[in-house]
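Reading the structure
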Amino acid sequence: MPGAAVLLCALAPPLGAQESPYFVTYDHHLEEPGSLEVEYFSTFGTQPGGNAFIAPWLELEYGATAWWTTEFYLDSQTTFHDSTVFTGFRWENRFRLLAGEHRVNPVLYVEYENITGADKILKEIEGNDVASDFLEPNGSAGRYTNHELEMKLILSSDWKGWNFAVNPLFVKNLGANDPWEFGYAAGVSRPLALEASPRRCMFCRENFIAGVEMYGGLGTAGSFGLPSTSHYLAPVLAWNLPSGWTVHASTGFGLNSDSHGLLVRWGLSREFSGFGHMLSAMFGGKP
Amino acid sequence: MRNRLAAGTSIAILFAALAVSAAGITALDRVPPKARLRPNPLEGNPAAVAAGAKLFEQHCAVCHAPGAKNRLRGPALDSIQVRDAPPGALFWVITNGVVRRGMPPWSKLPEPQRWQIVTFLTGGEMPPPAPRPAP
């Protein structure tokens, strides 16, 4: 069965990508219906008082309908002078709440996480997450698993080529009696050129989208606020290639002493159009 | 009791009639009047037609077929209805999509690129539409 999926990916034509450059912030643009996007990302982080790490993760993002995108994650990490571990999975869903385009477009984000204490991809910062949490060796941090429900209200707007997005974050650990945790992410981005050139080109300015994002924790229901929280500011860049590939890069800087000094992220993604319809046709459904 | 039954039947017929009439309404018919009046800032620009053709192949052809000639999952776009549609109406449909029928909003393309697609759809080199069967 995985072989059939790989074959379908090979047969499905790549779609001209127009991917967001954000790593943490979400805008309101969902995956096109029937399209599968395969994404590989990685975070390199420096660790105050400990060993640096690289945390790669794989995302499979599918456009179920024009108003629903579902996504599956597999997380892992390598801590230098320690070990390489698989750290769990996530299942994310995003629902467009209003049809059409509005001044501010709300999208509801709901994610279930089944990840160990050794997870370091830093896809979101929540509650009182601080850099010193990552000092625990993989052997002991990997022994406990968190079952978390994560919700975001994605508020996003496009104006004169600019995208503005704000994501308040709410997280509940389902396996413990912990209070709700809060966080935020916000970003702004713009293509380097708004008009497309008539020719097919790799280095045209419209293929590059640059921006900046900021994200961090906001404490818990019991201690809401900025004390003992970490925050990051990160310039971001996406390069959308005509072949359907997108290259992503970002360098994040910790903004206080509870943050990692540096988070360097990069990634590759490719969108396969019509994947769902080909899969449906394979099993006798209507293509 | 009989009056309630009659009223209920009338309402059901009214809703059925509305549903039937709604089925014939295309996405272009739903465009607000103000949006229809927006002029295409790139009208008649040959470079915009070429760029629009490229963008169409990249983003639209998977559903509307390369060259806009045939129907795949979305409707064919080489019809007289599309070619003669107000550019503002086409721009509005591309921007807002037809979410309930599976077309996503394409507002992630910058506004000038959406106008380039409109320019291609209304002014590009497309074959004449297939003749309709006689009634």
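Reading guide: rules and limits
- Residues numbered from 1 in each chain as written.
- Chains lettered and ligands numbered in written order.
- Predicted model: local features only at pLDDT ≥ 70, side-chain atom pairs only at ≥ 80, totals over all residues.
- Heavy atoms only, no water.
- Phe/Tyr/Trp six-rings, centres within 6.5 Å; stacked < 30°, edge-to-face > 60°.
- Lys NZ or Arg CZ within 6 Å of the ring centre and 35° of its normal.
- Disulfide = S-S within 2.5 Å.
- Buried < 20%, exposed > 50% of the residue type's maximum accessible area, 1.4 Å probe, protein only.
- Core = buried A, V, L, I, M, F, W, Y, C linked by side-chain atoms within 4.5 Å.
- Helix = DSSP H or I, 4+ residues; strand = E, 2+ residues; numbered from the N terminus.
- Salt bridge = Lys/Arg side-chain N within 4 Å of Asp/Glu carboxyl O.

**With respect to the packing of aromatic side chains**
Residues and elements named next belong to chain A. Enumeration according to the criterion identifies 16 aromatic pairs over all chains in this entry. An aromatic cluster of three or more residues is present, and its members are Phe23, Phe41 and Trp57. The ring of Tyr109 carries the charged tip of Lys152 above its face, separated from the ring centre by 4.5 Å.

**A word on the state of the cysteines**
Note: disulfide means a covalent bond formed between the sulfur atoms of two cysteine side chains. Counted according to the given criterion, the structure contains 1 disulfide over all chains. In this model Cys201(A) forms its disulfide with Cys204(A); the gap between the sulfur atoms is 1.4 Å. Across the S-S bond linking Cys201(A) and Cys204(A), the dihedral sits near -120°, which makes this disulfide left-handed. Like Cys201(A), the residue Cys204(A) is buried in the burial classification. Cysteine Cys60(B) shares no disulfide, and the gap to the nearest cysteine sulfur, in Cys63(B), comes to 8.8 Å.

**Considerations on the nonpolar core**
Counting 26 residues, the largest nonpolar core has Leu28(B), Phe56(B), Leu90(B), Ile117(B), Val118(B) and Leu121(B) as its most contacted members. In terms of residues, this core owes the most to one element, helix α3 (residues 46-64) of chain B, which gives 6 residues. Among the nonpolar cores identified, the runner-up in size contains 24 residues, and Phe41(A), Phe53(A), Tyr109(A) and Ile121(A) belong to it.

**Things to note about the pattern of salt bridges**
Between side chains of opposite charge, a pair can form when the charged atoms approach closely. Applying the stated criterion across every chain yields a total of 12 salt bridges over all chains. A salt bridge links Lys108(B) to Glu32(A); the shortest N-O distance between them is 2.8 Å. Pair noted here: Lys108(B) is in the loop between α5 (87-96) and α6 (111-123) and Glu32(A) is in the loop between α1 (2-11) and β1 (36-45), and the two residues belong to different chains. Glu32(A) matches Lys108(B) in its accessibility class, with the two residues each being buried. Measuring nitrogen to oxygen at the nearest pair gives 3.1 Å for the salt bridge that ties Glu124(A) to Arg90(A). Note that Glu124(A) is positioned in the loop between β5 (105-116) and α2 (138-141) and Arg90(A) in strand β4 (residues 84-96), a separation of 34 residues in sequence. Accessibility assignment for this pair places Glu124(A) and Arg90(A) in one class, buried.

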